[in-house]
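Results of the structural survey
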Amino acid sequence: MKQINIQLTMIFNVQRFSTHDGNGIRTVIFYKGCPLSCWWCSNPESQSFDYSVLYKKKFCKNFGDCILAEKKAISKTKDGIQINRDLIENPEKLKNTCLSKALTISGENKTAAEILVEIEKDILFFGKNGGVTLSGGEPFAQGESLTNLLQLLKEKKINVNVETTLHVKWDKIERHLTLVDTFLADLKHTNKEKFKKYTGGNVSLVMTNMLKLDNSGAKYIIRIPVIPGFNHSEKEMTKMIDFVSSLKNAREINFLPYHTFGVEKYKMLGIPYLMKNTKKTEDDELESYMKYAESKGFRTKIGG
């Protein structure tokens, strides 16, 4: 077996027996850290490359153990605690401190070998079609540890999908082309100004990388999140589908309807949810988009 360097990376969840994000039964590894900050992100704790502190006020019993662990950052109030996250010196000290589980820490440093151990627990369930999906956050922003894990998975002949925003330098993707079976690549918009406002990113980087991914011959699926107020219109969606039509090897588009499952996490993180009062996207609202994509020769699907 090839010698793998011991390099740590931070994950925040391991989801087992998933039937989404690829074919068959899959284990999904969620990396922590993303170059984008999408307004609708359902896992806002994934955006930071560091630990995240979540606090659910209704669970708080005012035991005070968290205050003893971080006196400068946490203070007591009449109905709970107040947290100044900028003053927290060592988030790891807060792990398992709160007996009522009102305060939790998202993030765990793991080596590629340690992540592989978690994955290997599920190998018997993968069958012919299942495998691993690396998600996030943004997997390709994780550095050497991602390479190490992909090399180990390749040696084990485990099928690998990677969910990606494509919002990284191309070389971070290119060096992994032979180690990934399927890229699940997000196309959120084609308009520079809107993309910048709602994600903080550069749409040109994404579209350029998508063209390079297409030219590389790699297998990929385009995924379009359908977000009210952002891209949920015939005009905007038509432009996006037309761009995908310009790719030589694009075969499938998955439409991902907007949902509100992650709203509570924003409260727990103490950050505003900028999509407030936005209603979820119903499946039937996607019919015209799917028909147009199918008229262009694409297979379509709701969800990933």
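The present account deals with the structure reproduced in this document.

Reading guide: rules and limits
Residues numbered from 1 in each chain as written. Predicted model: local features only at pLDDT ≥ 70, side-chain atom pairs only at ≥ 80, totals over all residues. Heavy atoms only, no water. 1 Å grid on protein atoms, 1.4 Å probe; cavity = no way out; pocket = protein on both sides within 12 Å on 5 of 7 lines; lining within 4 Å. Points joined across faces, edges and corners; volume = space filled by probe spheres on them. Nonpolar A, V, L, I, M, F, W, Y, C, P; charged D, E, K, R; others polar. Buried < 20%, exposed > 50% of the residue type's maximum accessible area, 1.4 Å probe, protein only. Helix = DSSP H or I, 4+ residues; strand = E, 2+ residues; numbered from the N terminus. Pairing = 2+ DSSP bridges. Salt bridge = Lys/Arg side-chain N within 4 Å of Asp/Glu carboxyl O. Axes fitted to C-alpha atoms, helices over the stretch in contact; angles between N-to-C directions. Contact = heavy atoms within 4.5 Å.

A few words now on empty space enclosed by the protein. Under the definition given, this model contains one cavity of 30 Å³ or more. Lining the largest cavity are 15 residues, and of these Phe63, Gly64, Cys66, Cys98 and Ser100 lie nearest its centre. Residue composition of the lining of the largest cavity, grouped by class: nine nonpolar, four polar and two charged.

It is worth spelling out the pairing of strand β10 (residues 182-186) at this point. Note on strand geometry: in a regular strand, side chains alternate between the two faces of the sheet. In terms of burial, β10 is a largely internal element, five of the five residues being buried. Two strands pair when backbone bridges link them, and strand β9 (residues 160-164) and β10 are joined in this way by four bridges, in the parallel orientation. Bridge assignment links valine 162 to a residue of β10, and that residue is phenylalanine 183.

What follows concerns the pattern of salt bridges. A complete count under the given rule lists 15 salt bridges for this structure. The salt bridge partner of lysine 72 is glutamate 89, with a shortest N-O separation of 3.3 Å. Residue lysine 72 is found in the loop between α1 (65-69) and β4 (74-77), and its partner glutamate 89 is found in the loop between β5 (80-83) and β6 (103-106); the two are separated by 17 residues along the sequence. You can call glutamate 89 exposed: its relative accessible area is 58%. Among the salt bridges present, the one from glutamate 163 reaches arginine 223, with a minimum N-O distance of 2.8 Å. One end of the pair, glutamate 163, is in strand β9; the other, arginine 223, is in strand β11 (residues 220-226), with 60 residues separating them in the sequence. In this pair, the class of glutamate 163 matches that of arginine 223, namely buried. One network of salt bridges, with partners in common, ties together Asp21, Glu163, Asp186, Lys188 and Arg223.

Taken in spatial order, the nine strands line up as β7-β1-β2-β8-β9-β10-β11-β12-β13 in an open sheet, and their pairing is mixed. Each edge of the open sheet is held by one strand with a lone partner, namely β7 (108-111) and β13 (299-302). The sheet shows a mean angle of 30° between the axes of neighbouring strands, direction not considered. In the sheet, β11 pairs with strand β12 (residues 252-257) via five bridges, with the strands oriented parallel. Within the sheet, the bridge partner assigned to proline 225 lies in β12 and is leucine 256. In the packing of helix α7 (residues 203-216) onto the sheet, the strands contacted are β10 and β11, and the crossing angle to β10 comes to about 155°. This element, helix α10 (residues 287-295), spans β11, β12 and β13 of the sheet and lies at about 160° to β13.

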